[in-house]
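Residue-level structure breakdown
Chain residues, written in single-letter form:
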Amino acid sequence: MVDVQPPPFRTLDDFLLGSARFSVPDVRNLDRWNNRIINNLLYYQSNYFASALAFLLIVGYFQPLQLILGATVVILLFLGFVWAAENKAVIRRFRRNHPSLCLAAILGSSYLLLSVLGGVAVFLFGIAFPILMILIHASVRLRNLKNKLENKLESIGLKRTPMGLLLEALGQEQEAGS
């Protein structure tokens, strides 16, 4: 973890405004769509983390205990999934072949557990909604040359970032930067 470098914030102009280009992804080519999402997650990760943190702080201001409960449940389920994937070959293959289903399974399990505990609304608005917004942006944002260069450095191991480690835990390390 010592060699992990936080990436720089991308300008608002690059992230959302003037020079940002958006396009609906080709849903018939899932590999290309997945590649776009992964590379945008790597390139804009600081902006995504800041956006999610801002949203979490707003929700946490109004419902702090439920947010802590929801975050604890999601983190524990995610860590349990990563542990199981590292120790069971079947789960590891499933994680690598179906990353979207794995994320949906983690979020769905969190939702079910929180519905029993009573923190569903906070989970939906404080945790699931920021993830949904990040995935939508990563899906529709077209890549530029600087984005491609940064992702290539990440994929060959010259730079290690928090999102790179998260994607690696979800079994997407082989696709980053391609």
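The rules we used
Residues numbered from 1 in each chain as written. Predicted model: local features only at pLDDT ≥ 70, side-chain atom pairs only at ≥ 80, totals over all residues. Heavy atoms only, no water. UniProt positions renumbered as here; feature names shortened; annotations may be inferred. Core = buried A, V, L, I, M, F, W, Y, C linked by side-chain atoms within 4.5 Å. Buried < 20%, exposed > 50% of the residue type's maximum accessible area, 1.4 Å probe, protein only. Helix = DSSP H or I, 4+ residues; strand = E, 2+ residues; numbered from the N terminus. Contact = heavy atoms within 4.5 Å. Phe/Tyr/Trp six-rings, centres within 6.5 Å; stacked < 30°, edge-to-face > 60°. Lys NZ or Arg CZ within 6 Å of the ring centre and 35° of its normal. pLDDT = per-residue confidence, 0-100. Expected span 1.5 Å × (residues − 1).

As named in an unreviewed UniProt entry, the protein is PRA1 family protein, taken from Cyprinus carpio. The UniProt entry for the protein carries this comment under Sequence similarities (unreviewed entry): "Belongs to the PRA1 family."

What follows concerns the nonpolar core. Across soluble globular proteins, nonpolar side chains show a tendency to be buried alongside one another. In this structure, Leu 41, Tyr 48 and Leu 167 are the most contacted members of the largest nonpolar core, which totals 13 residues. Every element with two or more residues in this core is listed here: helix H2 (30–43), helix H3 (45–62), helix H7 (120–140) and helix H9 (162–169). Sort the elements by how many residues they give to this core and H2 lands first, with 5 residues. The residues contacting Tyr 48, other than those within four sequence positions of it, are Phe 15, Asn 40, Leu 41, Ile 134, His 137 and Ala 138. The next biggest cluster of nonpolar side chains, apart from the first, holds 10 residues, and it includes Val 59, Val 74, Leu 107 and Leu 114.

Taken as a whole and assessed by the stated rule, the structure comprises 4 aromatic pairs. Look at Tyr 43 and Tyr 44: their rings are 4.8 Å apart centre to centre, the planes differ by 80°, and that puts the pair in the edge-to-face class. Geometrically, the ring pair formed by Tyr 61 and Phe 62 is edge-to-face, given 5.2 Å between the ring centres and 80° between the ring planes. Among the aromatic residues, those joined into a ring-pair cluster are Tyr 43, Tyr 44 and Tyr 48. When the ring centre of Tyr 43 is taken as origin, the NZ or CZ atom of Arg 10, which lies over that ring, is 3.9 Å away. Lying over the aromatic face of Phe 22, Arg 141 brings its terminal NZ or CZ to 5.9 Å of the ring centre.

This part is about the UniProt feature "transmembrane region" (unreviewed entry) in the protein. Mapped onto this numbering, the UniProt entry annotates "transmembrane region" (unreviewed entry) at residues 41–61, 67–85, 97–114 and 120–140. Annotated as 100% helix and 0% strand, the span residues 67–85 places its first and last C-alpha atoms 27 Å apart. The span residues 97–114 carries 94% helix and 0% strand; its end-to-end C-alpha distance comes to 28 Å.

Moving on to the confidence of the model for the protein. Per-residue confidence for the protein gives a mean pLDDT of 78, with 88% of residues at or over 70. Note on residues 174–178: pLDDT is under 50 here. Beyond four places in sequence and across chains, it has 16 contacts.

With that out of the way, let us pick up H9. Taken together, the buried positions of H9 are occupied by Met 163, Gly 164, Leu 167 and Ala 169. Following H9 by one or two positions, Gly 171 adopts a phi angle in the positive range, close to 85°.

Spanning 18 residues, H3 covers 26 Å between terminal C-alpha atoms, matching the ideal 26 Å at 1.5 Å per step. Among the residues of H3, Gln 45, Ser 46, Asn 47, Tyr 48, Ala 52, Val 59 and Gly 60 are the ones counted as buried.

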